[in-house]
Amino acid sequence: MRKVWKGLAVLAAGMTLFTACGKEEQGTLFAHPSPEPVESARFSPGKTPSQRAEELAAMPQNPLTGEPGYPENALGRRPVAVMVNNLNAALPHRGLSQADILYEVAVEGGITRMLAVFADISSIPSVGPVRSARHYYTDFLVPYNALYVHFGGSNPGKAAIQNRGVDNIDGLIYGATAFTKDNWRAQNRGVEHSYFIDGAAIQSVAEQRGYSLNGETSAPFAISQNKVELPQKANSVYVKFSGYTNSEFTWNPDAGLYEKKRNGEPHIDENNSQVLQFANVLVLSTSITSYDGGDLREVALGSGDGWFFTGGGYEEINWKKGGYQNQFTFTAKDGSPITGNAGPTFIAIIDQSMVSSVNIQ
């Protein structure tokens, strides 16, 4: 439906522009559109922001992003969370430009993994490379009532999946059937960087295993259909996870989104050659320590502080979570809940030692 709304906006501008922009599966059609084209296609210019917001609220909306034009047959269905490898050898990633919420957190050795959450299973493109589970990623996905897609896992990760009753699809079991192996990557990058999966395959395995695809979910903060602007301006934010990995987000006022860099280079989705873009970015500080004295990490998820970026501005925030069943809650320093703009969200979780490296411009 995102492609449909973008196509309507382009048609409103003229058939010539539509011809120039309609590149089938390799162009911007798979990218998250900005809210402006949706409004120009759907609403008359004379309507006030509150009237537009009322009309948007009456349309089916993505429960995780607030974007209108969500398929009605996807309402009331469970999301899917896919564990994605983030080593240099895993580049370029696939499918991340279509994620509704994307988490990035350190694992062992200073590297990070990403958890890509998709609200609509039927719209998930080829995504990956899919990699092994870690236990604290189940803390992120359980509150969404999400199916978990991974390829193996650490012992604590596998124990968390079992003990917490997480419906999951493991590439160690379904790698030869549900997953697609990129032979070039396997030969040149390593087999562990070569497995991908899409929504049709995920749904097929879920049905085979008897997993229910129905269930409610919601975003971890309120989303407004009116533009949210914060008083402190931020053109960019640099986030360091370790000496190996960093991310940077630069505000693009034309798109109304933050464009992501990974280790100084644009973070590109191989499916559509588009840079990853987000309407909302959260950077959360906590304590990340050794798990049981070994190389694995333990991430404290009780409470902490951080920053919230949206609409080209930012504010300092507090966050709380607690048990694995609990969703994050985010509040401004005055205790009021935060409100984001419609569109995808990126959540970075960093160790307290990296806070001094956060650079907001």
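Here, the structure is the one placed above.
Residues numbered from 1 in each chain as written. Predicted model: local features only at pLDDT ≥ 70, side-chain atom pairs only at ≥ 80, totals over all residues. Heavy atoms only, no water.

Caption draft 1: Looking closely at the packing of aromatic side chains. Counted by the stated rule, this structure contains 16 aromatic pairs. Ring pairs connect the aromatic residues Tyr-103, Tyr-136, Tyr-137, Phe-140, Tyr-144, Phe-221, Phe-308, Trp-319, Phe-328 and Phe-330, which therefore count as one cluster. (Phe/Tyr/Trp six-rings, centres within 6.5 Å; stacked < 30°, edge-to-face > 60°.)

Caption draft 2: Representation of helix α6 (residues 155-163) within the structure. Burial in α6 covers these residues: Pro-156, Gly-157, Ala-160 and Ile-161. Seen along its axis, α6 keeps its buried residues to an arc of 140°; they face one direction. With respect to the buried face of α6, the exposed residues turned more than 90 degrees away are Asn-155, Gln-162 and Asn-163. Contacts made by the buried residues of α6 are with α5 (135-141), β4 (147-150) and β5 (168-170). You can read the cap of α6 off the contacts: a side-chain oxygen lies 3.0 Å from the backbone nitrogen of Gly-157, and it is on Ser-154. Count one or two residues on from α6 and you reach Gly-165, which has phi positive near 60°. (Buried < 20%, exposed > 50% of the residue type's maximum accessible area, 1.4 Å probe, protein only. Helix = DSSP H or I, 4+ residues; strand = E, 2+ residues; numbered from the N terminus. Arc of directions from axis to C-beta. Contact = heavy atoms within 4.5 Å. Polar contact = N/O pair within 3.5 Å; in protein donor to acceptor, adjacent residues only side chain to side chain.)

Caption draft 3: Seen up close, the pattern of salt bridges. Under the criterion given, the structure shown has eight salt bridges. For the salt bridge of Glu-270 with Arg-94, the shortest nitrogen-to-oxygen distance reads 2.7 Å. Note that Glu-270 is positioned in the loop between β14 (268-269) and β15 (274-275) and Arg-94 in the loop between β1 (80-85) and β2 (101-106), a separation of 176 residues in sequence. Classification of Glu-270 by relative accessible area gives partly exposed; the value is 33%. Its relative accessible area of 15% is what places Arg-94 among the buried residues. Glu-229 is paired through a salt bridge with Lys-227; the nearest N and O atoms lie 3.7 Å apart. Considered together, Glu-229 and Lys-227 belong to a single accessibility category, that of exposed residues. (Salt bridge = Lys/Arg side-chain N within 4 Å of Asp/Glu carboxyl O.)

Caption draft 4: Structural context of the environment of Thr-245. Mapped onto the elements, Thr-245 comes out in the loop between β10 (236-240) and β11 (246-252). For the pair formed by Thr-245 and Gly-110, sequence separation is 135 residues and the distance between their alpha carbons is 7.1 Å. The residues touching Thr-245, leaving out its near neighbours within four places in the chain, are Asn-86, Glu-104, Gly-110, Ile-111, Thr-112, Lys-240 and Asn-263. Here the side chain of Thr-245 touches Gly-110 through a polar contact of 3.5 Å, landing on its backbone oxygen.

Caption draft 5: Representation of the nonpolar core within the structure. One finds Val-149, Phe-179, Ile-197 and Phe-309 to be the most contacted residues of the largest nonpolar core, which totals 47 residues. Sort the elements by how many residues they give to this core and helix α9 (residues 199-209) lands first, with four residues. Counting residues in each nonpolar core, the second largest holds 39 residues, with Ile-161, Val-166, Val-299 and Ile-317 among its members. (Core = buried A, V, L, I, M, F, W, Y, C linked by side-chain atoms within 4.5 Å.)

Caption draft 6: Spotlight on the environment of Ala-89. Mapped onto the fold, Ala-89 is located in the loop between β1 and β2. Residues within four places of Ala-89 in sequence aside, it is in contact with Arg-189 and His-193.

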